[in-house]
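Chain by chain, the residues:
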Amino acid sequence: MPTTLVTGAAGFIGSHVVDALIERGHDVVALDDLSGGFVDNVNPRATFVEASCVDHARLAALFNEHAFDYVYHLAAYAAEGLSHFIKRFNYTNNVIGSVNLINEAVKHDVKRFIFTSSIAVYGKNQLPMREDLVPAPEDSYGIAKYAVELDLKASHEMFGLDYVIFRPHNVYGERQNTGDKYRNVIGIFMNQSLAGEPYTIFGDGEQKRAFSYIGDIAPILADSATHDGARNEIFNVGADSVYTVNQLATEVMTAMGVQTEIKHLPARNEVVDAWSDHSKVQRVFGTSAETPLSVGLKRMGDWVRASGVRASKPFEGIEIVKNLPGSWKVS
């Protein structure tokens, strides 16, 4: 039975990957600092450790305690737009925390390091986003993710650390933190539905995205640890169907059984259109049916209604307030 470390394991993506790994016979150590996830998300068959990837001493002790075969690094603070205004926090969590894990993986001869990057590395005007394009990230979050990708490549060349890099996008589903107002637009809309609030959209809502159901993503990530074709490769992973944010809002209203006002906020500085090509991941892992957006939203909506409304807490460590969207300011 392989022993596998999963970071970000109390988050909704991490918790689903933990489930999939356990189904595949892995002995999982689930690590999370609970800054954005919930311990109730973690499969009880996993060994839960509350710790941060930034704590290099705690990670060193954990690697000394367990002989990890595989590392899944899914932990991140993934607020892409907010990352401009929390640069130090962003790079500390998303780069330094990742490097701490890479160091331990090298020292302990981990067989494979699986990392969730983001299509944020591509930047703008690269549609559809393909793995053979040269990344040109537009925000601090994308820069951080690309830096870790480069370090994994360098660590493979220097130390022989094998890796798999995934670039997911707009993943949604059950267990998502709907109380985070800075990221995950579907969760934000659903939480606003429960609270009887209008949906808030930055700009005119004609930004285009593809929205990826977690049930389509987690099995691919779980299989990548032992898939020969995935070794030292980069994969886009997610949905192919593209929607405007306005169209998404209508779909979420239907799933939640509500009709509500849409409040358009001033546009923020962001990549307007973002979707990717998935022919590479389909070629390596095989083709499977994409969960229709209406079906995925219905499943998530049922879970959200059962879980109830969650209070949106402001991010209290804003480092730069210049050009910060008004709805993100702490009063």
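Calculation rules
Residues numbered from 1 in each chain as written. Predicted model: local features only at pLDDT ≥ 70, side-chain atom pairs only at ≥ 80, totals over all residues. Heavy atoms only, no water. Helix = DSSP H or I, 4+ residues; strand = E, 2+ residues; numbered from the N terminus. Rg over C-alpha atoms; globule rule 2.2 N^0.38 Å. Buried < 20%, exposed > 50% of the residue type's maximum accessible area, 1.4 Å probe, protein only. Contact = heavy atoms within 4.5 Å. Areas by Shrake-Rupley, 256 points an atom, 1.4 Å probe, with all protein chains shown as cover. Salt bridge = Lys/Arg side-chain N within 4 Å of Asp/Glu carboxyl O. Phe/Tyr/Trp six-rings, centres within 6.5 Å; stacked < 30°, edge-to-face > 60°. Lys NZ or Arg CZ within 6 Å of the ring centre and 35° of its normal. Pairing = 2+ DSSP bridges. Axes fitted to C-alpha atoms, helices over the stretch in contact; angles between N-to-C directions.

1. Considering the overall build of the chain
For the chain, the count of helices and strands is nine helices and 14 strands. For 331 residues, the compact-globule estimate of 2.2 N^0.38 gives 20 Å, and the C-alpha radius of gyration of the chain, at 19 Å, lies within 12% of that figure. For the chain, with 331 residues in total, the buried portion stands at 51%. Here the contacts in the chain between residues at least 6 apart in sequence split such that 79% fall between residues at least 24 apart. For the chain, the computed accessible surface area is about 14400 Å², with 49% contributed by carbon and sulfur atoms.

2. Observations regarding the pattern of salt bridges
Per the stated rule, a full pass over the model turns up 15 salt bridges. Here D132 ties to R130 by a salt bridge, and the two come within 3.0 Å at their closest N and O atoms. Note on D132: relative accessible area 59%, which makes it exposed. E270 is paired through a salt bridge with R268; the nearest N and O atoms lie 3.2 Å apart. For R268, a relative accessible area of 27% corresponds to the partly exposed category. Among the charged side chains, a salt-bridge network with shared partners connects E23, R24 and D223.

3. Describing unusual backbone geometry
Most peptide bonds are trans, and most residues other than glycine sit at a negative phi. Cis peptide bonds are those with omega within 30 degrees of zero, and the linkage from L127 to P128 qualifies with -15°. Along the chain, the position of P128 falls in the loop between β5 (112-116) and α4 (140-159). Backbone geometry places R175, a non-glycine residue, at a positive phi of 80°. With respect to the helices and strands, the residue R175 is situated in the loop between β7 (171-172) and α5 (185-195).

4. So, the side chain of E104
Secondary-structure assignment places E104 in helix α3 (residues 87-107). Here E104 falls in the buried class, since its relative accessible area comes to 5%. Filtering out sequence-adjacent residues up to four positions away, E104 remains in contact with L59, A60 and F63.

5. Some details on the packing of aromatic side chains
One pass over the full model with this rule turns up eleven aromatic pairs. Ring geometry for Y182 against W328: centres 5.7 Å apart, planes inclined by 65°, an arrangement best described as edge-to-face. With Y182 in the loop between β7 and α5 and W328 in the segment after α9 (293-307), the pair connects residues that are 146 residues apart, well separated along the chain. By the burial criterion, Y182 is buried, and W328 matches it. A connected cluster of aromatic rings, assembled from ring pairs, spans Y77, F89 and F315. It is K280 that lies over the ring of F235; its NZ or CZ is 5.1 Å from the centre.

6. Considerations on the sheet that holds strand β1 (residues 3-7)
Across the sheet, which stays open at both edges, the seven strands sit in the order β3-β2-β1-β4-β5-β6-β11 with parallel pairing between neighbours. Whereas interior strands pair on both sides, the edge strands pair on one side only; in this sheet they are β3 (47-50) and β11 (233-237). Put simply, the sheet's adjacent strands are angled 15° from each other on average, direction ignored. Pairing of β1 with strand β4 (residues 70-73), which is carried by four bridges, proceeds in the parallel orientation. Counterpart to L5 in the pairing with β4 is V71. This element, helix α1 (residues 12-23), spans β1, β2 (27-32) and β4 of the sheet and lies at about 170° to β1.

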